[in-house]
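Now for the letters of each chain:
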Amino acid sequence: ASTMGKATGSAGDRSFRWVTPRQERSRSTMDRLLDTTEALLRDRSFEDLSIAMICKAADSHVGSFYNLFKDKDALLECLLERVDRDRVATFTRALHHARETGMTIEQRATALVGSAVRIAVSRPGALRAWNYARRHQGFTWKGAAEANAAVIDAITELFLDCRDRIGHPSPRRAIEFALVANQETVTRFLMDPHT
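Predicted, not measured: the structure shown is a model, and the values here were computed from it. (Residues numbered from 1 in each chain as written. Predicted model: local features only at pLDDT ≥ 70, side-chain atom pairs only at ≥ 80, totals over all residues. Heavy atoms only, no water.)

Along its length, the protein carries 8 helices and 2 strands. Ordered by position from N to C terminus, the α and β elements of the protein give β-β-α-α-α-α-α-α-α-α. In the protein, buried positions account for 41% of the 195 residues. Taking the intrachain contacts of the protein between residues at least 6 apart in sequence as the baseline, contacts between residues at least 24 apart amount to 63%. For the protein, the accessible area works out to roughly 11,100 Å², and carbon and sulfur atoms hold 54% of it. (Helix = DSSP H or I, 4+ residues; strand = E, 2+ residues; numbered from the N terminus. Buried < 20%, exposed > 50% of the residue type's maximum accessible area, 1.4 Å probe, protein only. Contact = heavy atoms within 4.5 Å. Areas by Shrake-Rupley, 256 points an atom, 1.4 Å probe, with all protein chains shown as cover.)

In C-alpha cells:
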C-alpha cells in the first residue's frame, strides 16, 4: 500500500509524479533508487543516466522503478525535494544552536555561510541534479519554493534578534537582501561549475 506523491490521479492512469510508499520494503527501494541516482550523478550528467542504469546500480527492477516514479524527471524531482528537506533540517538545527548559544550577529552570519557551503560541497551528485534542474526551463516544484520561504523567514528572525547591530533603517529588508545575495553567491560559485 502507498500514497501518491504529487498525485493528480491514481497510479493506474499514470498521472502521479511519484508514490510515497507505506511499506518498509518499498521505502527501502525508493531510498536505494534515490541514493544510487545521487551517487551516479557525482560522475555523470542527468542526461547520461538511463532508468535501466539506475535500476541496475541500485539492484532493483525497472518495474519497481515505475511502481514508484512516473518517469526519470519525477525521480529527479523527488531527489531534489529530499535534498531540500535535508537542507532545511540542517539550517533549522543551526538556527536552534545559534539561539541557544547566544551567538553574535557576526558568528551567526559565519555559521550560516559555513552551513550553506558544507551542504553544497558534501553532496556533489545533488549539486549536479540541481544544476540540471536549473538549466532546464519549466523544471520547478512547489516544495522547494515553500521550503525556501520558511527557511528565509526563520533565518530572518534569527538575525532580527540582533537588530541593534544592524545599521539599516529597515533591518528586516536588509537581512532579506543579505540572505538572497548569500544564496545567489552559493548557487553561482558552488552549484554551477561553469562560473
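Another aspect to go through is the packing of aromatic side chains. With the rule as written, the count across this model stands at 3 aromatic pairs. Taken together, a centroid distance of 5.2 Å and an interplanar angle of 85° make the contact between Phe-65 and Tyr-66 edge-to-face. Taking the relative accessible area as the measure of exposure, Tyr-66 reaches 33% and is therefore partly exposed. The class for Phe-65 is buried, based on a relative accessible area of 0%. (Phe/Tyr/Trp six-rings, centres within 6.5 Å; stacked < 30°, edge-to-face > 60°.)

Turning to the side chain of Thr-29, a few remarks are in order. Relative to the elements of secondary structure, Thr-29 occurs in helix α1 (residues 24-40). Discounting chain neighbours no more than four positions away, the residues touching Thr-29 are Ser-60, Ser-64 and Leu-68.

Looking now at the side chain of Glu-77. With respect to the secondary-structure elements, Glu-77 resides in helix α4 (residues 72-101). Take Glu-77: its relative accessible area is 9%, and that puts it in the buried class.

Scanning all chains against the criterion turns up 12 salt bridges. Where Asp-35 meets Arg-82, a salt bridge forms, and the shortest distance between an N and an O atom there is 2.8 Å. Of this pair, Asp-35 sits in helix α1 while Arg-82 sits in helix α4, and the two are 47 residues apart along the sequence. What makes Asp-35 partly exposed here is its relative accessible area of 43%. Judged by its relative accessible area of 11%, Arg-82 falls in the buried class. Across the pair Asp-161 and Arg-108 runs a salt bridge whose closest N-O atoms are separated by 3.5 Å. In this pair, Asp-161 sits in the loop between α7 (142-160) and α8 (171-191) while Arg-108 sits in helix α5 (residues 105-122), placing the two residues 53 residues apart along the sequence. (Salt bridge = Lys/Arg side-chain N within 4 Å of Asp/Glu carboxyl O.)

Our focus in this paragraph is α5. For α5, with 18 residues, the first-to-last C-alpha span of 26 Å sits near the 26 Å given by 1.5 Å per residue. Among all positions of α5, only Ile-105, Arg-108, Leu-112, Gly-114, Ser-115, Ala-116, Ile-119 and Ala-120 are buried. (Expected span 1.5 Å × (residues − 1).)

This next bit is on the confidence of the model for the protein. Averaged over the protein, the pLDDT score is 82; the fraction of residues at 70 or greater is 81%. Of all secondary-structure elements in the protein, the lowest mean pLDDT belongs to strand β1 (residues 2-5), at 44, while helix α2 (residues 51-57) reaches the highest, 97. (pLDDT = per-residue confidence, 0-100.)

What follows deals with the environment of Ser-50. Among the structural elements, Ser-50 can be located in the loop between α1 and α2. For the pair Ser-50 and Thr-37, spaced 13 residues apart in sequence, the C-alpha to C-alpha distance is 10.0 Å. A distance of 3.0 Å separates a polar side-chain atom of Ser-50 from the backbone nitrogen of Met-53. (Polar contact = N/O pair within 3.5 Å; in protein donor to acceptor, adjacent residues only side chain to side chain.)

Turning our eyes to something else, we now look at the nonpolar core. If you look at the biggest cluster of nonpolar residues, it comprises 26 residues, and the most contacted ones within it are Met-30, Leu-33, Leu-34, Phe-65 and Phe-69. Those elements giving two or more residues to this core turn out to be α1, α2, α3 (62-68), α4 and α6 (124-135). Top contributing element to this core by residue count: α4, with 7 residues. If near-sequence neighbours (up to four positions away) are discounted, Leu-34 is found in contact with Phe-69, Leu-75, Cys-78, Leu-79 and Arg-82. Grouped together as the second largest cluster of nonpolar side chains are 17 residues, Phe-91, Leu-95, Leu-112 and Ile-119 included. (Core = buried A, V, L, I, M, F, W, Y, C linked by side-chain atoms within 4.5 Å.)

Bringing unusual backbone geometry into the picture now. One non-glycine residue, Asp-59, lies in positive phi territory at about 55°. Looking at the element boundaries, Asp-59 is found in the loop between α2 and α3.

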